[in-house]
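# Inside the fold
If you want the building blocks of each chain, they are given just below.
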Amino acid sequence: MNLVINGQTYQVAKDPPRVLLWVLRDELGLTGTKFGCGAGYCGACTVHLDGVAVRSCQVPVSRVAGRAVTTIEGLARGEELHPVQRAFLEAQTPQCGWCMSGQMMTATALIAANPRPSEEEIIAAMDGNYCRCGAYARIRRAVARAAALARAATEAV
Amino acid sequence: MSQPPARRWRVSRRGFLIGAGVVGGGLALGATLGLPWLRLALADVVDGAAPPTIVTTDPAFWFEIAADGRVRLAMPKVEMGQGIHTALAQIAAEELELAWEQIEVVPSSSAGPVADNFGTNASNSVASLFAPLRETAATMRELLRAEAADRLGVAPAALRVANGAFFVADDPERRLSYGELAADAARREVPAEPPVLKPSTAWTLIGASVPRVDLPAKIRGAATYGYDARAEGMLYGAVARPPSLGATLRRAAPGEAARRPGVVAVVAERDFAGVAAESRSAAAAAVRAMDLEWTEGPPLQQEQIDARVRAVPGRGVVIQRAGNAAAALRGPGVITAEYRTPMAAHAHLEPQAALVDVRPDRVLARVSTQYPLGTAQAIARALGRDARTVEVVPTYLGGGFGRRMVSEVAVEAARLSAAAGRPVHVGWSRAEEFHHGFVRPPTHHVLRAALGPDGRIVALEHSQASGGVIFPFIPAPLRALFGADFGAWRGACISYAVPHISVSAEHVPLPIATGAWRGLGLLANIFAIESFIDELAHIAGADPLAFRIAHTGDDEHGRRLRAVLTTVAERAGWGTPAPAGRARGVACSIDAGTVVAHIAEVSRKPEGGVRVHTVWAVVDPGLPINPDGVAAQTEGNICMGLSSVLFERLSVRNGRIAADNFGAYPLLTMRDAPAIEVTVLRSGDVPYGAGEPPMGPIGAAVANAVFALTGQRLRELPLTEV
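Residues numbered from 1 in each chain as written. Chains lettered and ligands numbered in written order. Predicted model: local features only at pLDDT ≥ 70, side-chain atom pairs only at ≥ 80, totals over all residues.

Let us look at the domain arrangement of chain B. All names here are of chain B. Partitioning chain B into domains gives domain 1 (8-219), domain 2 (226-296 + 352-427) and domain 3 (309-344 + 439-710). For domain 2 versus domain 3, the distance between C-alpha centres works out to 38 Å. Listed as interface residues are 6 residues of domain 2 and, on the opposing side, 9 residues of domain 3. (Domains from an automatic or database assignment. Contact = placed C-beta atoms within 7 Å.)

Residue and element names in this part refer to chain B. Look at helix H2 (residues 84-96) against helix H3 (residues 125-152): their axes get within 8 Å of each other, and the N-to-C directions meet at 30°. One way to sum up the angle between H2 and H3 is to call them roughly parallel. Of the two elements, H2 crosses H3, and the hand of that crossing is right-handed. Across the interface between the two elements, Ile84, Ala87, Leu88, Ile91, Ala92, Glu95 and Leu96 of H2 pack against Ser125, Val126, Leu129, Phe130, Leu133, Arg134, Ala137, Ala138, Met140 and Arg141 of H3. (Axes fitted to C-alpha atoms, helices over the stretch in contact; angles between N-to-C directions. Helix = DSSP H or I, 4+ residues; strand = E, 2+ residues; numbered from the N terminus. Parallel < 35°, antiparallel > 145°, perpendicular 65-115°, else oblique. Left-handed = near helix turned anticlockwise from the far one by under 90°.)

Across the contact, 45 residues belong to chain B and 44 residues belong to chain A. Its residues assigned to classes, the side of chain B that touches chain A shows 22 nonpolar, 12 polar and 11 charged. (Nonpolar A, V, L, I, M, F, W, Y, C, P; charged D, E, K, R; others polar.)

Once that is clear, we can look at helix H17 (residues 698-710) of chain B. Residues and elements named next belong to chain B. Under the 1.5 Å per step criterion, the end-to-end length of H17 is 18 Å for 13 residues, consistent within 8% with the ideal 18 Å. Counting buried positions along H17 yields 11 of 13 residues, so the element is predominantly enclosed. Listed in full, the buried residues belonging to H17 are Ile698, Gly699, Ala700, Ala701, Val702, Ala703, Asn704, Ala705, Val706, Ala708 and Leu709. Its buried side turned inward, H17 meets helix H13 (522-539), helix H14 (544-550), strand E24 (583-591), strand E25 (594-604), strand E26 (610-620) and helix H16 (627-646). At the exit of H17 stands Gly711, carrying a positive phi of roughly 75°. (Expected span 1.5 Å × (residues − 1). Buried ≥ 20, exposed ≤ 12 C-beta atoms within 10 Å, placed from the backbone.)

A separate point is the sheet that holds strand E9 (residues 171-177) of chain B. All names here are of chain B. Taken together, the 3 strands give an open sheet; going across it, the order is E7-E8-E9, and neighbouring strands pair in antiparallel fashion. The outermost strands of the open sheet, each flanked by one partner alone, are strand E7 (159-162) and E9. Sheet twist, expressed as the mean angle between neighbouring strand axes with direction ignored, is 30°. Here E7 runs beside strand E8 (residues 165-168); their pairing, made up of 4 bridges, is antiparallel. Bridge pairing in E8 links Arg160 to Phe167. Across the sheet, H3 lies against E7, E8 and E9, angled at about 130° from E7, the strand it touches most. Contacting E8 and E9, helix H4 (residues 178-185) runs over the sheet at an angle of about 55° to E9. (Pairing = 2+ DSSP bridges.)

This brings us to the nonpolar core. All names here are of chain B. Within the largest apolar cluster, 237 residues are counted, with the highest numbers of intra-cluster contacts made by Ala276, Val356, Ala365, Ala410 and Val702. Broken down by element, the residue count for this core peaks at 11 residues, all from H13. Aside from chain neighbours lying at most four places away, what touches Val356 is Val363, Ala365, Ile379, Ala410, Ala413, Ala414, Ser417, Pro423 and Val424. Within the second largest apolar cluster, 56 residues are counted, among which are Ala66, Leu133, Leu144 and Leu159. (Core = buried A, V, L, I, M, F, W, Y, C linked by C-beta atoms within 7 Å.)

Now for the environment of B:Pro394. Residue and element names in this part refer to chain B. Inspection of the secondary structure assignment puts Pro394 in strand E19 (residues 390-394). Under the C-beta neighbour-count criterion, Pro394 is labelled buried, with 30 such atoms within 10 Å. Leave out the neighbours within four places in its chain, and Pro394 touches Val78, Pro107, Val367, Thr369 and Pro372.

The next subject is the domain arrangement of chain A. All names here are of chain A. Partitioning chain A into structural domains gives domain 1 (2-74) and domain 2 (83-156). Listed per partner, the contact involves 15 residues of domain 1 and 12 residues of domain 2. Counting only elements with at least two residues in the side of domain 1 that touches domain 2, the list comes to strand E3 (46-49) and strand E4 (52-55). A per-element tally of the side of domain 1 that touches domain 2 places E3 first, with 3 residues. Of the residues belonging to the side of domain 1 that touches domain 2, the class tally is 7 nonpolar, 7 polar and 1 charged.

Next up on the list: the pairing of strand E1 (residues 2-5) of chain A. All names here are of chain A. Of the two faces of E1, only one is covered, namely that formed by Leu3 and Ile5; the face formed by Asn2 and Val4 stays uncovered. With 4 bridges connecting them, E1 and strand E2 (residues 8-11) associate as antiparallel partners. From the neighbouring strand, Leu3 faces E2, where its bridge partner is Tyr10. A loop of 2 residues connects E1 with E2, the two strands running antiparallel in sequence, and Asn6 in this loop sits at a positive phi of about 55°. Alignment of E1 against strand E5 (residues 68-70), held across 2 bridges, turns out to be parallel. Bridging across to E5, Ile5 finds its partner in Val69.

Moving on to the sheet that holds E1(A). All names here are of chain A. Here we have 5 strands laid out as an open sheet, ordered E2-E1-E5-E3-E4, and mixed in their pairing. Lying at the two open borders of the sheet, with one neighbouring strand each, are E2 and E4. Between one strand and the next, the sheet's axes are offset by a mean angle of 40°, whatever the strand orientation. Of the strand pairs in this sheet, E3 and E5 are connected by 2 bridges, and their pairing is antiparallel. Opposite His48, over in E5, you have Thr70 as the bridge partner. Each of E3 and E4 touches helix H3 (residues 100-113); the most contacted strand, E3, lies at about 35° to it.

Shown next as C-alpha cells:
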C-alpha cells in the first residue's frame, strides 16, 4: 500500500491493521509526530489529511492510502520555516516541546481554512491540544501572529 | 548508538581537570563540584530537594574548545522545557567572552567522565551551577590568555578578549582565536590564583532574553526525545502489569507468547514478565498471551487513603519554631481552619520511554530521564553489572515534573534487551502512566492563629500531614535522621514576621506509591498558608494585600516580599474595583530563594466552576539569567498549577487508580488558560530557581479571589464547589 507523506511516496504493509501514528513513527521514522494518549484526547499526534487536521492515533492507515498526509516534517520548505513555525519560534512558545508538533499542525489547518481567526476561533480550534507545560498564552499569541504572517506572505505573492 | 569520545583527565591546580583526547587537538577543562557541591547538597536537603547519593570525583561539567574554535559545554542538567541549556550556556559564554553563536550545548551522559549525582530537580540547576560555571569558564579564559600572551610576546594584561579571540589592545590585528590556542593551552597549568570574574555591570548575556537553544529543532519536530530514540536492529518491548495496586507476580511462564508472530524474546521471571518483538503491537499482544498469575492487592478505596492523611497539631515533627506558639494559642479566640489537597498525576505528555542496548561488555541507553546517573545505577543493579559499564545519555524530555527522577522504563528495556541480544525500546502507554509508578501525595493541613487587639497575628501554627515525597526514595536510617519528609514540607514554613510560630510536618506512609511532583509540597502548603492568611486578614478587617505587607519582616526576604507585593498590586490595579461580576485575590510565597506574588481575577462560570480571567505575576528570582525564560516558566507554572487548582483529582477505586486516560482526568486547556501578565524583578547578582517557585501562590490567589467574589471559603483542591 502506498502512502503519500509530505509529497513523498512510501510503501508500507497493508496488514496488520494499525493506526497512522505508529506507522509514521516506528515504520517510517517520522518521529516529529508525537504520541501522548492514544485516544484522541491530547492532540499531540495531529497531522493533516488532505489539509484537514486529524488525530493520527485514531486514523487507520488503510484509510490514508492515496491521500495527502502532511506532518510537522513537511511544514517547512527546506530552510524556510512555515509562518506558523516562525510565529511559534518568535514567541519562544515551546517549553518541553512534546505537544508542539500537534499544536502547530492544528494551527496551520486553522489558518489555511480561516486566514483571519478571531480570538474565540483560535481558542475553539486549539482547545483540543493539551500543553502540560502550560504555554497556552504564548500559543494563543503565536497563532494570531502566524495568521498575520501567513496573510502577509500571501499578499506579497 | 554512538558514544561520545572517551576522555582522560589530569588533575590540575584548584581542583580542575584538564582533558586529553579532545577531538582534533583542543582544550577541555572540567570541574568537579567537590566540597562546595556537598555543602550545596546538604543545603538542598535541608531546604527540601533531592537526597544526596555517592559523590564521585569525576567532573560534573566541562568545556571543550576544538581546534576549529567551537566551544562545547557538556551539560550535566537535562532539558525538559525549563530552558536550562540556554541559561547555563549564557552564564558560560559570558565569562568565556564568546559570541552567543559560538557555544554549543551537549547533554552529558551518566558514564565517565561526567556524572550529575543529583539529577535535574528542585529548581536548583542555575543556583547550584552559577558560581562553579563562571569560575571554570574564567579559568579556561585565563589559560588561553596566558598562552596567547606567550605566543604574541606581550604581557597578559596587554590583551583584550572578545568573541572567542584574544588581541593586543593597541594593535587589534595581532590576534589569536581560542581554536588556535586550544591545543597548546591544554599543556599549561591552571593559574594558581582564581581568576577575576566579570563584574555584573559588564554582562551582556547574563540577564538577556536570548532565544532558547533547543527551540529550532523542536519547531521542526527534529528534536530527539526518549520516545523517538532509535537504533539499528532495534526491537520493541512490552511489559506485563499488575491488575491492581499492590498485586505482584505469583507465577510467570511464557505460555503462548513465544509462538506469536514477531516475538524475539520472552522474559518470565520472579518479578518481571515482558516481551521483545519486531513491533509494539506484536509485543503487547504477546504479553497478553503469557501465562501469568498475580497475587491480589487489597481492594483499596480513596476514603481509606484520605482517612490516613490527617494532620494533628502537636503530633508531627517540628520544622520551624519561634517564640512559644503552643502557649499563645491556648486562650480563647483561636482561629482554626483545615485544608486538603488531593493526589495528582504528573501527566507529562511524553510517556516514559527508553532505548537500551545491552551488550556483553557495556550497556548504552538513551532515556528521557531527569536522573541519568540514578537510571544507570538502576540498570546496573537489575542486570548485575558494574554501574561504570552502563552509560545513560539523556534525551530531551517531554516534560519531567519530578516523575522522571525514576525511570523504571529504562530497567524494563534493559532486561528485555539482555534477553533479546538487541537494542529494545520500551515506551509506556497513557494507561501505564496513570496506573504505575507514583503520584503526588494527598495532604491535609491544620492552621491555627491568634490575633492581637491591633489585628496583627500574634501566633501562627501550621500542622501538615502528607504522603511521602522524598521519603519513599531514601533508606530508613536517613528517614529517621530527618524525621519529616523535607520534600513534603517544602513551602510549609511561615515567611511572615510573627512572634510565635510553630510548623510541623508528619510523614504518612500510604498504600499507594507517592513521590515528587513539580514544586514538591509547595502548591499544597502555600495553598493552605496563604488561604489562611487571607482568612485572618478578613477577620482582622484588613485589606488582604496590606495585611500581608504589614506582616513582612525587616530582613532580606521581607524586603523582597514587600517589593513583589507592592509591584503586583500596581500591575493589577489592586484597590480599584474589578469589572462587574469579577473579584481579585492575592497570595505570595518564597521558594528556592525566589519570591513570588500573584493576583488572580476570577468570575463564576454560568455553568458553575471558576473562570480565571487574568493572573498578574511578579517574580523575583534574585538575578534572572534569562528574563523571558523566567516569564515562560512563570506562565507555565501558573497554567500547570491552575490545572491542579481547578480540575485535577486522582482517586483510587477498588484497588486501582480510577483514571485510564485524560477522559477521566482532564487537564487545563486553552479555554481555561487565563491571560498572564508577568513582571520579572532583579534584586541582586545571585540567581535562584525559576522552574517551580511561581507555582506556589496560584492556588490561594484563586481561592482568595473566589472568597472575595462569593464569600465562600474553599479549603480543598480542586476548587470545584462554586
